[in-house]
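Tertiary structure, described
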Amino acid sequence: MTGDTIRNWELGRTRPALRQASKMADLPNRFGTFRPGDFPNRLQVARRRLGLSQAEFGARIGVSKDTIWEWENGNHEPRAQTRATVDRLIEEAFSEEELVAVKIRSLRKRLGLTQRELAAKLGVYPKTVSRWERGLRRPRNEMMPLLRGLMDPSNQPL
């Protein structure tokens, strides 16, 4: 099993075969389960994908391993000036499609919309929104201004 195989399982792109179940039981939790919009989990998965300990990750951004532990356990979040550096490191660990998927799902949930409702606002099929959120498709360039228009100014652009 490769990292790409595991990532595809986590993103719901593919499913493991039954014959792989015994191998998975012995597999260390290298990548974790990726739940879009979940900062503590996204941080932990990114750190593991980068092959860094909490101490090494903290050293890269100038905080202690205890601070990383606090963030990964959801006790605290980084301050604004540190968050930009953390977000850059997370982006190193995830593909562009995964990041777009996270942002679209987070946007939809923040607006309190279903996939069908977001699709209606954007003039696309609900299946299209589902594919975006699963990282199977990227929104077309002409769709990006509409998505940005729905976002809060404090959120990062897609």
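The coordinates are above.
First things first, this report covers the structure right here in the doc. Computed from a predicted model, the values in this text were never measured in an experiment.

Basis of the calculations
Note that residues are indexed from 1 along each chain, following the sequence as it is written. Two thresholds apply to this predicted model, a pLDDT of at least 70 for residue-level local features and 80 or more for giving and counting side-chain atom pairs, whereas whole-chain, interface and lining totals are computed over all residues. Water and hydrogen atoms play no part in the side-chain values, which are based on all heavy atoms of the structure. By convention, a stacked pair of Phe, Tyr or Trp rings (six-membered ring in the case of Trp) has centres within 6.5 Å and planes under 30 degrees apart, an edge-to-face pair has planes over 60 apart, and any other such pair is tilted. In this scheme, Lys NZ or Arg CZ marks a charge over a ring once it lies within 6 Å of the ring centre and within 35 degrees of the ring normal. The secondary structure listing takes helices from DSSP runs of H or I that are at least 4 residues long and strands from runs of E that are at least 2 residues long, numbered from the N terminus. Any pair of N or O atoms that falls within 3.5 Å is considered a polar contact. Within protein, one atom must be able to donate a hydrogen and the other to accept it, and sequence-neighbouring residues count only if both atoms are side-chain atoms. Contact between two residues is taken to exist if any of their heavy atoms lie within 4.5 Å; hydrogens are not considered. Fitted lines through C-alpha atoms give the axes, limited to the stretch in contact for helices. The angle between two N-to-C directions lies from 0 to 180 degrees. Just so you know how the angles are binned, under 35 degrees is roughly parallel, over 145 roughly antiparallel, 65 to 115 roughly perpendicular, and the rest oblique. Residues are grouped as follows: Ala, Val, Leu, Ile, Met, Phe, Trp, Tyr, Cys and Pro are nonpolar; Asp, Glu, Lys and Arg are charged; all remaining types, including Gly, are polar.

This next bit is on the packing of aromatic side chains. According to the stated counting rule, one finds zero aromatic pairs in the structure shown. Above the ring of F39, the side-chain terminus of R83 is found at 4.1 Å from the ring centroid.

In this section: the side chain of E133. Within the secondary structure, E133 sits in helix α9 (residues 126-133). Of note is the side chain of E133, whose polar atom sits 2.5 Å from the side chain of R108. When residues no more than four places from it in sequence are discounted, the contact partners of E133 are A101, I104, R105, R108 and Q115.

Running from amino to carboxyl end, helix α3 (residues 39-49) crosses helix α5 (residues 65-72) at an angle of 130°, the nearest separation of the two axes being 7 Å. One element, α3, and the other, α5, form an angle in the oblique class. Contacts between α3 and α5 involve F39, P40, L43, Q44 and R47 from the former and I68, W71 and E72 from the latter. Class assignment for the residues of the contact of α3 with α5 results in five nonpolar, one polar and two charged.

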